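Tertiary structure, described
Here are the chains, one letter per residue:
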Amino acid sequence: MTTLRPPFSEADLAAQLRDLGVQAGSTLMVHTALSRLGYVIGGEAAVVGALTRAVGPEGTLVMPAQSWQLCDPAYLDLPDVPTEWHRAIRDGLPAYDPQRTPTRTMGAVAELFRTWPGARRSAHPQRSVAALGPLAESLTAVHDLDDASGERSPMRALYDARGQVLLLGVGFDKCTALHLAEVRASYPQRFVPNGGPVLRDGVRVWETWEELWLEDGDFRDVGAAFVAQHPTAKQGLVGQAEAVLVDVRSLVDFAMEWFTANRGVVPAPG
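Bear in mind the structure is a predicted one, so any value in this text is a computation, not a measurement.

What to know about the pattern of salt bridges
- Tallying each qualifying case throughout the model produces 15 salt bridges.
- Residues Arg184 and Glu151 are paired through a salt bridge, measuring 2.7 Å at the closest nitrogen-oxygen approach. Of this pair, Arg184 sits in helix H8 (residues 178–184) while Glu151 sits in the loop between helix H6 (136–140) and helix H7 (154–160); the two residues are 33 residues apart in sequence, bridging distant segments of the chain.
- With a closest N to O distance of 2.9 Å, Asp160 and Arg156 form a salt bridge. A residue pair is termed a helical-turn pair when its members lie 3 or 4 positions apart in one helix, as Asp160 and Arg156 do in helix H7 at four residues.
- Bridged by salt links that share partners, the residues Asp144, Asp146, Asp147 and Arg152 form one connected network.

Some thoughts on the environment of Val183
- Note on placement: Val183 falls in helix H8.
- Separated by 34 residues in the primary sequence, Val183 and Ser149 place their C-alpha atoms 7.6 Å from one another.
- Residue contacts for Val183: discarding those within four places in its chain leaves Ser149, Gly150, Gln189 and Leu212.

Rules used throughout
- Residues numbered from 1 in each chain as written.
- Predicted model: local features only at pLDDT ≥ 70, side-chain atom pairs only at ≥ 80, totals over all residues.
- Heavy atoms only, no water.
- Salt bridge = Lys/Arg side-chain N within 4 Å of Asp/Glu carboxyl O.
- Helix = DSSP H or I, 4+ residues; strand = E, 2+ residues; numbered from the N terminus.
- Contact = heavy atoms within 4.5 Å.

Next comes the structure, spelled out in C-alpha cells:
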C-alpha cells in the first residue's frame, strides 16, 4: 500500500530551508522546480514566501528571469523556424520590458518571483535576473548585452556580494553562476553573433552583439566534483526535493580551474 505523503506549507518549507543552512541576511540565488517539491499548499506563492522567510528582511533573493524568446532566431536555430522567417521575427519581436516580458523555461516560481512587489529585474533582454531585498538594486544594476554572465553582469555582482546558490529540485546544469566560471576559464572559446529587441530612449531598436558561446553539458560533472571536494556544500531535503546549498565564490573559483583543465582536452587514443 502506498503511503500518502502530507502536503507542505510555507512554514514547513521555511523551516526546512533553515535546517539546510539558509541563514537570515544571506544573499541567495535560487534555481527551483516546483514539481519536485511535492504537494505545496499555495504552490509557487508559498515557495517564494518560504524563501523570503528564510533569508529574512535583511536578506536578498535572486532568481533567473531569462526570456529566450527574444534571442536572434539565427542564434536559437530552432528546427521549426525556417531561415526565411528570421527577418520577420527580428522586425516583429516586442522590445524587452522588465515589468512585462515573461520568462521562458524558468519555471513557475521564477515567473512569479519577477512580479513580486519590490522585485528588481536586470536589463538584459534574454538573460535577465530578478532580485528582491536590500541588494536587489546593486545586483541587477549592470548587465551588458555582450557579457550576459561575465564581469559586467549580475553573476559578477553575486560573486562580489559573497552570495550562495540554492539548487532546489534541480541539478547543477541549471546553475547560472557557473557561466561566470566559463568566462574566466582558459579553454578554446568561441564567440557567436546574437541580437535582441530593446528600448533606447523609448524607441524599439534591434541591437546586435557578439557573445561567448556558453555550455552546460558538463555542469553536472563539475558540480559533482565540487560537492565531493567541498564539505561546506550542504545537502538535504526541502519538501520532497533534493536541495544543495553552495557558496558562489568557492563554486566559481573551483569551476574556473576545472573548465581550464577539462575543456578542450583531446582524449588519448584508446
